[in-house]
Amino acid sequence: MNVTVEVVGEGSHEFDVDDETYADLVSKVDLSPHEVSVMVDGRPVPEDQPVEAERVKILRLIKGG
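Procedures and definitions
- Residues numbered from 1 in each chain as written.
- Predicted model: local features only at pLDDT ≥ 70, side-chain atom pairs only at ≥ 80, totals over all residues.
- Heavy atoms only, no water.
- Helix = DSSP H or I, 4+ residues; strand = E, 2+ residues; numbered from the N terminus.
- Rg over C-alpha atoms; globule rule 2.2 N^0.38 Å.
- Buried < 20%, exposed > 50% of the residue type's maximum accessible area, 1.4 Å probe, protein only.
- Contact = heavy atoms within 4.5 Å.
- Areas by Shrake-Rupley, 256 points an atom, 1.4 Å probe, with all protein chains shown as cover.
- Pairing = 2+ DSSP bridges.
- Core = buried A, V, L, I, M, F, W, Y, C linked by side-chain atoms within 4.5 Å.

*Asks:* How should I be thinking about the overall build of the chain in this particular structure?
*Replies:* Along the backbone of the chain there are one helix and five strands. Ordering the α and β elements of the chain from the N terminus gives β-β-α-β-β-β. Its C-alpha atoms give the chain a radius of gyration of 11 Å, near enough to 11 Å, the size a compact globule of 65 residues would have. Reported as C-alpha extents along the three principal axes, the dimensions of the chain are approximately 35 × 20 × 20 Å. With 65 residues in all, the chain has 35% of them scored as buried. A sequence separation of at least 24 residues applies to 50% of the contacts in the chain between residues at least 6 apart. When the accessible surface of the chain is totalled, it reaches about 4,200 Å², and 45% of it is carbon and sulfur.

Here it is as structure tokens:
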């Protein structure tokens, strides 16, 4: 399945996924699950859930150091 991942305010990426979780998508955009919320249709989803949506938004909660 082709998935579009938008990192809010930073751009979009497209990935071909099979059995990945939302945490796997977060890793593919070089972020940590501890610093983001993953949103599908405006609702947060657990990072350990298998990817079922074609469009995902990742909202960074922590930026910088």
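*Asks:* Just to check I follow, could you spell out the sheet that holds strand β4 (residues 43-44) for this structure?
*Replies:* Two strands in a sheet stick together by hydrogen bonds in their backbones, pointing the same way (parallel) or opposite ways (antiparallel). The strand order across the open sheet built from five strands is β2-β1-β5-β3-β4, with neighbouring strands paired in mixed fashion. A strand with exactly one partner marks an edge of an open sheet, and here the two such strands are β2 (11-16) and β4. As paired elements, strand β3 (residues 36-40) and strand β5 (residues 55-60) share four bridges and run antiparallel to each other. The residue of β5 that forms the bridge with Ser 37 is Leu 59.

*Asks:* Sorry, what's going on with the nonpolar core here?
*Replies:* For soluble globular proteins, nonpolar side chains are generally found buried alongside one another. Tyr 22, Leu 25, Val 56 and Ile 58 are the most contacted members of the largest nonpolar core, which has 18 residues in total. For this core, the secondary-structure elements that each account for two or more residues are β1 (2-7), α1 (22-28), β3 and β5. When residues no more than four places from it in sequence are discounted, the contact partners of Val 56 are Val 3, Thr 4, Val 5, Glu 6, Tyr 22, Leu 25, Val 38, Met 39 and Val 40.

*Asks:* Got a minute to help me understand the pairing of β1 in this structure?
*Replies:* Consecutive side chains along a regular strand alternate between the two faces of the sheet. In terms of strand pairing, β1 meets β2 through six bridges, oriented antiparallel. Considered in β2, the bridge of Val 3 is made with Phe 15. Adjacent in sequence and paired antiparallel, β1 and β2 are bridged by three residues, among which Gly 9 carries a positive phi angle near 80°.

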